[in-house]
Amino acid sequence: MNHQSPLLVKSKRLLWFFVVVRHRCSGSIAEITMGCQFSQNHLAFSREGDSFRWKLICPLSSLLLVLVSLALPACSRHDSTISTVDTLESGKLGSISTSVAEQDSATLVDPRTDGWDTEALSAEAQEQLKGLVKYLAHTVDFPLEQLTPLIADNFSCGLLRPRERQRVFEEGPLVVRHSAMEKESSETHFNGVSGLIEAIGQLAEPLQGASAVRTKIKTVGVQADGDQKSTTHLIEVSGERPDGSVEMHFTWNCVWEGGGERPLRLLSVHSRDYEEAALIHPGKTILADCTEAVLSGNPNFNEQLLRGVDYWLDRLPYDLHGLDPTGHRGLAVGDVNGDGLEDIYLCQSGALPNRLYVQQPDGTAIDVSASSGVDWLDPSASALLIDLDNDGDQDLVIATPLGVLAMANDGQGKFQQKTSFGGMLAGDQSSKAALRAGGASGDGGFSRRGRGAGGAGGFSMAAADYDRDGDLDIYVCPYGTTADIPLPSLNHATNGAPNALFRNDILDQKKSSSPSSDWRFTDVTELVGLDHNNNRWSFAATWEDYDNDGDPDLYVANDFGPNNLYRNEDGQFLDVAPETGTSDFRAGMSVSWGDFNHDGWMDLYIGNMFSAAGNRIAFQEGFQKTGPDQERQLFQGRASGNSLYQNMGKDGFVDVSDTAGVAMGRWSWSSNFVDLNNDSWEDLVVGNG
């Protein structure tokens, strides 16, 4: 069994925001670990009501590090404004660029000053297509007179909505149809402005009578060859119909003429990879957001959970809160009081108490944080609800920037701290103050690691019985380092804080009749070989017996630096990622295992970063012209999205991300294999933002 600290997990009654990717897949459920991406500015180590605090000041990593690495070669600051080509009236299709009066007072970025005319082209093309797509909801109001100047005289296109749409999934009220459109799109069916309007009218047929129509366009490719230019766009359209809802996804390859000093005009559109999902249900969606119904009976739901980061930044002392703008805080789901209902533990930023909500028979949940002794005020990145001492109840493990806290459950949902380990807590073992009231003295209650005081703490965790001695051991990823950026490069970072494997020695401690009531966790990272390649910026980890030899192996997803796959050989680990084809240099932020094809071998899904800008820039000739081809390809991979590796048994893994249609998950902070509809095929749930 694999236990991890999830950002988004599946619960009976508690649902958070996520995107569901429907796919025919199978295997055991693995919940993904998720920790904070950044080192904290200010951290206070205390529990609500306690007076003692430890403070630690650390540098904040850059949120846009990857984007900057892709964009710096493509643009520079320029004092002049981008010239405006106003071809449309305000309120119609929108102008190609924003007028000077509407510009922000900050210095504008003009990519053309660095020779990247293609980036200016992509912006102009996207603005024009936004105007076209938004009229899918109101085709009768299509402004012909405003559209004409944007369309080339010899415009042509094929079908934008295929006649033949294969039904690829149907269950109850939900039907999904798909077409690659390889033939229909290449045949010319429509010409001129009137032809385009007719084609868009056919595309809009599923939206007839729809309200709350939403459209989204991402420009993922651009090429310029003389006067003729081309762009590639991912387009999503959704709307609510009286009997349910509809959603469409498709890709447009567009060819343009003009641009620069002349107005950009559309020459042709070729559509491909069309997918249409229709739901016949009065609720409009398959899943309902029941957060308020479950939690609103608690005053702190409104007073704490619904407040944004900006609210607390304005009100909490800067040296206490440890807040970060991205809000990377995990949660854990488990039955803390043995009543058969799942409860939820929420990690919070510093100076805001963590919350434990216990589920009631009516589906609501009440806050018992203070009475259960778990309302810690320290910045908490992730948590686990697992049985550490094999007494039949779920204990609590919390990862903080100062280290990891382990608390024993009395079986009724009351917790007592038993030890602290890792990070700063591994430094001064004799300090009662540093280890807090539940910490150890003398021998420390845990084995010391050489990182010493001020070392990295914990951000994400995964638990499994790696040595098969009957208890759960804990692997901790601290993420990042004291340095501001990954070095020597994003793709080959080796300055990340080392991860650690802590062996659970609680049962051995009991057998030895130790007078100490504290728990012992021993750092065995170096002893078992996990110190090899242990210097990357690790975001998440997960355990699974991928080679079917009876012991759990370990996969580590690294934000910077290649990922690791540690094969377990009788309690000793070897990094076999290169030889199995799973190094995956992309920006790993989450990972999950599942047997998606029912062949008996666990497959691997990694949540990375999909970047439209990265896809445009990294594939152009001007990107890193003097760099080696291998590095250019690695940057292209960093922007390409999520990875699905099919386990081929003794032959390693094969990347099937594109053929399976699961690469585009946006910025995937969390990803899980879960069987949402109990049909024995595992689906994918991707949390992004």
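As shown above, the structure is provided for reference.
Quick notes on the rules
Residues numbered from 1 in each chain as written. Predicted model: local features only at pLDDT ≥ 70, side-chain atom pairs only at ≥ 80, totals over all residues. Heavy atoms only, no water. Pairing = 2+ DSSP bridges. Helix = DSSP H or I, 4+ residues; strand = E, 2+ residues; numbered from the N terminus. Axes fitted to C-alpha atoms, helices over the stretch in contact; angles between N-to-C directions. Contact = heavy atoms within 4.5 Å. Polar contact = N/O pair within 3.5 Å; in protein donor to acceptor, adjacent residues only side chain to side chain. Salt bridge = Lys/Arg side-chain N within 4 Å of Asp/Glu carboxyl O. Buried < 20%, exposed > 50% of the residue type's maximum accessible area, 1.4 Å probe, protein only.

Participant: So what's going on with the sheet that holds strand β32 (residues 653-655)? Residues and values would help.
Facilitator: Strands sit in the order β29-β30-β31-β32 across an open sheet of 4 strands; the sheet is antiparallel. Edge strands, defined here as strands with exactly one partner in the open sheet, are β29 (590-594) and β32. Recorded for the sheet is a direction-independent mean angle of 20° between the axes of neighbouring strands. Bridge analysis of strand β30 (residues 603-607) against strand β31 (residues 643-647) gives 3 bridges, and the strand direction is antiparallel. Paired with Tyr-605 across the bridge in β31 is Leu-644.

Participant: Talk me through the environment of Thr-580; I want residue IDs and the actual numbers.
Facilitator: Considering the arrangement of structural elements, one finds Thr-580 in helix α12 (residues 577-580). Spatially, the C-alpha atom of Thr-580 lies 9.5 Å from that of Met-648, the residues being 68 residues apart in sequence. Residues in contact with Thr-580, not counting those within four places in the same chain, are Tyr-546, Leu-565, Gly-652 and Phe-653. Reaching out from Thr-580, the side chain makes a polar contact with the backbone oxygen of Ala-577 at a distance of 3.3 Å.

Participant: Explain the pattern of salt bridges to me, using residue names and the numbers behind them.
Facilitator: Summed over all chains, the structure comprises 17 salt bridges. Residue Arg-666 is joined to Glu-236 by a salt bridge in which the shortest nitrogen-to-oxygen separation is 2.7 Å. On the criterion of sequence distance, the pair formed by Arg-666 in the loop between α15 (657-660) and β33 (668-674) and Glu-236 in strand β10 (residues 228-241) is long-range, its members being 430 residues apart. Glu-236 gets classed as partly exposed once you look at its relative accessible area, which sits at 22%. Here Asp-243 and Arg-241 are joined by a salt bridge, their closest N and O atoms 3.9 Å apart. For Asp-243, a relative accessible area of 38% puts it in the partly exposed group. Under the relative-accessibility criterion, Arg-241 is labelled buried at 17%.

Participant: Before we move on, can you summarise the side chain of Thr-231 with the specific residues and values?
Facilitator: Locating Thr-231 in the fold gives a position in strand β10. For Thr-231, a relative accessible area of 2% gives the class buried. In terms of polar contacts, Thr-231 uses its side chain to reach the side chain of Trp-256, at 2.8 Å. Not counting chain neighbours up to four residues away, the residues in contact with Thr-231 comprise Leu-121, Ala-125, Gly-221, Val-222, Trp-252, Asn-253, Cys-254 and Trp-256.

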